[in-house]
Amino acid sequence: MTTSDVLAATALPAFRNEGYADFSEAANRVAAEAALAKVRAEFGRDYDLLVAGRRVATGRKLKSLNPSHPAEVVGVHSKADAALAREAVEAAWRFFPKWAGTPAAERIEMTLRASAAIQRRKMEFDAWLVVEAGKTWPEAEADVSEAIDFCEYYARLMKKLADPQAVVQLPGEKDEMVYVPLGPGVIIPPWNFPLAILVGMTVAALVTGNTVIIKPSSDTPTIAQKFAEVLQEAGFPPESFSLLVGSGSEIGDLLVEHPRTRFVSFTGSRDVGLRINELAAKPQKGQIWIRRVVAEMGGKDAIIVDADADVDAAVKGVLASAFGYQGQKCSACSRAIVDAAVYDEFLAKLGPAVEALKVGPSEDPANYMGPVINEGAKKNILGYIEGGKSEGRVVAGGGAGEGDGYFIRPTVVADVAAGARIFREEIFGPVLAVTKARDFDHALALANDTEYGLTGAVYTRDRKKIERAREEFFVGNLYFNRKCTGAMVGAHPFGGFNMSGTDSKAGGPDYLLQFMQGKAIAEKI
């Protein structure tokens, strides 16, 4: 009996979320410093493209920088062109039948080996996230833990989906439904969760039997290269995936539009997501299917603080939701909608708490916030802050931070009207708009006054208001008396409504179905 046969016949332990390292403990700090030294020793290394197992070096290069210290080059990456993009899709198409025919138990086994490999290198991956994505150690640890969770959760989910699904049995027939993979897919992950979301989208496609072309963000390609090492170590066939670094205009559109591309899995901005959806919807010559798009496209997330809320708890939750990872989360709270009865008290407590946050290089554990991702993001966010000064009253922050990195002081703008740009537009940075609500009716109306619908939270002690918000607060992930960030795999399937995407519900029981199609089979007996 092979290892795969044993796995197919054996129940896996129940899924449990990966724990977090506590960086206040001396042993973990020592391990973190050692990992950081190891990573720094690799700064400036050249990385080839991977095209179905073939390493390709090109003359055009992309330099990945450390946003805390932009003079530091994290990695130098070959850039793909249109010809290599076409080659990658055609290679994925050729290998797809063999990979789709690989027993599910073997694909599950590889996914679990990938989880184990990330676990072994966890502190190293933390360090890569610190230096390339600008994450603080706790934020990096959460990202890597989520990557492990995706591997473990989707492996178990695929085990359930690998068997024929129960259907009604008609007299004289044997009836069943099986799920089969789609085909070659394009994986386009974001820079803000450069490991967790990359891993989640990729292993979901691979474990279900699809081949993939990974196009990582140009801000975090080194992390993607390190994950490719994990896939190789876990035993995924070299032909099952390609890794292409390059611009969206040069290779991204081509990958989406290629007639052999069966699906696109994307996480990123609304505008890019809408463009991908539009390109994918138009059939190309030789295309025989309707392309499937799985998209998560951001949010303008609100936390409601009700008149009878625990204000101290609300302040803590809003602060963590707005300024964790510099507000660069699609789930981040960028609008606090506060009942007039506690509005002044809330601001009086929030302002000093935000001003006390330390901002600086992400490798320093003393800093609560690190840099934003790049110079363009810094300029854009500072532009919103300047505009916000005429749209409200700055009660904390209000400008750039000190140092040569891309630092911005956490900023709170109060008395913001519903028509203001900082109330309506996704900023993706450490900027919080605070708006006064007359009552709970008004607060719900303000919270829903957005084209997005990703996350939201309500702080209240009133059970009737909780029940009402459950029905009326139109978001894909709703929380009560806690922060609106930090969705946990298995417990909080993640994905939003409206312009926040296709409500993909990553880390949930339905997610893998988006990478498969059902086949009903009836046999007369």
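Residues numbered from 1 in each chain as written. Predicted model: local features only at pLDDT ≥ 70, side-chain atom pairs only at ≥ 80, totals over all residues. Heavy atoms only, no water.

Colleague: Where do I start with helix 5 (residues 122-132) in this structure?
Modeller: Side chains that are three or four residues apart share a direction in an α-helix, a result of its 3.6 residues per turn. In terms of residue burial, helix 5 counts as a mostly covered element, since 11 of its 11 residues are buried. Within the sequence span of helix 5, burial applies to K122, M123, E124, F125, D126, A127, W128, L129, V130, V131 and E132. Just beyond helix 5, the residue with positive phi is G134, at close to 75°. (Buried < 20%, exposed > 50% of the residue type's maximum accessible area, 1.4 Å probe, protein only. Helix = DSSP H or I, 4+ residues; strand = E, 2+ residues; numbered from the N terminus.)

Colleague: Even after reading the chapter, I still don't get the sheet that holds strand 5 (residues 69-78), so can you show me in this structure?
Modeller: Backbone-to-backbone hydrogen bonds join strands into a sheet, with any given pair of strands oriented parallel or antiparallel. Reading across from one edge, 1-5-4 is the order of the three strands in this open sheet, with mixed pairing throughout. Taken across any chain shown, the strands that pair with only one partner, and hence form the sheet edges, are strand 1 (45-47) and strand 4 (61-66). In this sheet, adjacent strand axes meet at a mean angle of 35° when their direction is disregarded. Pairing of strand 4 with strand 5, which is carried by six bridges, proceeds in the antiparallel orientation. Its bridge partner lying in strand 5, S64 is registered against G75. Across the face of the sheet, helix 5 comes into contact with strand 1, strand 4 and strand 5 while running at roughly 95° to strand 4. (Pairing = 2+ DSSP bridges. Axes fitted to C-alpha atoms, helices over the stretch in contact; angles between N-to-C directions. Contact = heavy atoms within 4.5 Å.)

Colleague: Is there a simple way to think about empty space enclosed by the protein in this case?
Modeller: Where empty space is left in the structure can be found by rolling a water-sized probe over the atoms. In the structure shown here, the tally under the stated rule is two cavities of 30 Å³ or more. By volume, the largest cavity amounts to about 90 Å³. Along the walls of the largest cavity sit 15 residues, with G327, K329, A332, S334 and F428 positioned nearest its centre. Here the residues of the lining of the largest cavity are counted per class, giving seven nonpolar, four polar and four charged. Empty space within the second largest cavity amounts to approximately 40 Å³. Along the walls of the second largest cavity sit K300, D301, A302, R335, A447, T450, Y452, G453, L454, T455, F473 and V475, which together make up its complete lining. Tallied by class, the residues present in the lining of the second largest cavity amount to six nonpolar, three polar and three charged. (1 Å grid on protein atoms, 1.4 Å probe; cavity = no way out; pocket = protein on both sides within 12 Å on 5 of 7 lines; lining within 4 Å. Points joined across faces, edges and corners; volume = space filled by probe spheres on them. Nonpolar A, V, L, I, M, F, W, Y, C, P; charged D, E, K, R; others polar.)

Colleague: Quick question: what am I supposed to make of the nonpolar core here?
Modeller: Counting residues in hydrophobic clusters, the biggest one holds 103 residues, and the most contacted among them are I118, Y154, L195, I304, F473, Y511 and L512. The leading source of residues in this core is helix 6 (residues 137-161), at 13 residues. In this structure, L512 is in contact with Y154, L157, M158, L161, A204, V207 and T208, ignoring residues within four places of it in sequence. (Core = buried A, V, L, I, M, F, W, Y, C linked by side-chain atoms within 4.5 Å.)

Colleague: What's the story with the pattern of salt bridges in this structure? I'm lost.
Modeller: Charged atoms that come close allow side chains of opposite charge to pair. Throughout the structure, instances matching the rule amount to 34 salt bridges. We note a salt bridge from K122 to E18, for which the minimum N-O separation is 3.2 Å. One end of the pair, K122, is in helix 5; the other, E18, is in the loop between helix 1 (3-9) and helix 2 (26-40), and 104 residues separate them in sequence. The class for K122 is buried, based on a relative accessible area of 11%. Across the pair E250 and R60 runs a salt bridge, and its minimum N-O distance is 3.0 Å. (Salt bridge = Lys/Arg side-chain N within 4 Å of Asp/Glu carboxyl O.)

Colleague: Please explain the packing of aromatic side chains as it appears in this structure.
Modeller: Evaluation of the coordinates by the stated rule reveals 12 aromatic pairs. Between the aromatic rings of W191 and Y325, the centroid separation amounts to 6.5 Å while the plane-to-plane angle is 65°, which identifies the pairing as edge-to-face. Taken as a pair, W191 in the loop between strand 7 (185-188) and helix 7 (196-207) and Y325 in the loop between helix 11 (311-323) and strand 13 (333-339) lie far apart in primary sequence, 134 residues in all. Both rings, one in F263 and one in F515, keep their centres 5.5 Å apart while their planes meet at 85°; by these two values the pair is edge-to-face. Of this pair, F263 sits in strand 10 (residues 263-267) while F515 sits in the loop between strand 20 (497-498) and strand 21 (516-524), placing them 252 residues apart in sequence. In textbook terms, an aromatic cluster arises when at least three aromatic residues are bridged by ring pairs, as seen for F15, F150, Y153, Y154, F263, Y511 and F515. A cation over a ring is seen here: K135 above F193, with NZ or CZ 3.8 Å from the ring centre. Sitting over the face of the ring of F423, R335 holds its NZ or CZ atom 4.7 Å from the ring centroid. (Phe/Tyr/Trp six-rings, centres within 6.5 Å; stacked < 30°, edge-to-face > 60°. Lys NZ or Arg CZ within 6 Å of the ring centre and 35° of its normal.)

Colleague: How should helix 2 be read in this particular structure?
Modeller: Helix length check: helix 2 (15 residues) gives 21 Å between terminal C-alpha atoms against 21 Å at 1.5 Å per residue, within 8%. Within the span of helix 2, buried status applies to N28, A32, A35, L36 and V39. Seen along its axis, helix 2 keeps its buried residues to an arc of 100°; they face one direction. Of the exposed residues in helix 2, those oriented more than 90 degrees away from the buried face are A27 and V30. (Expected span 1.5 Å × (residues − 1). Arc of directions from axis to C-beta.)

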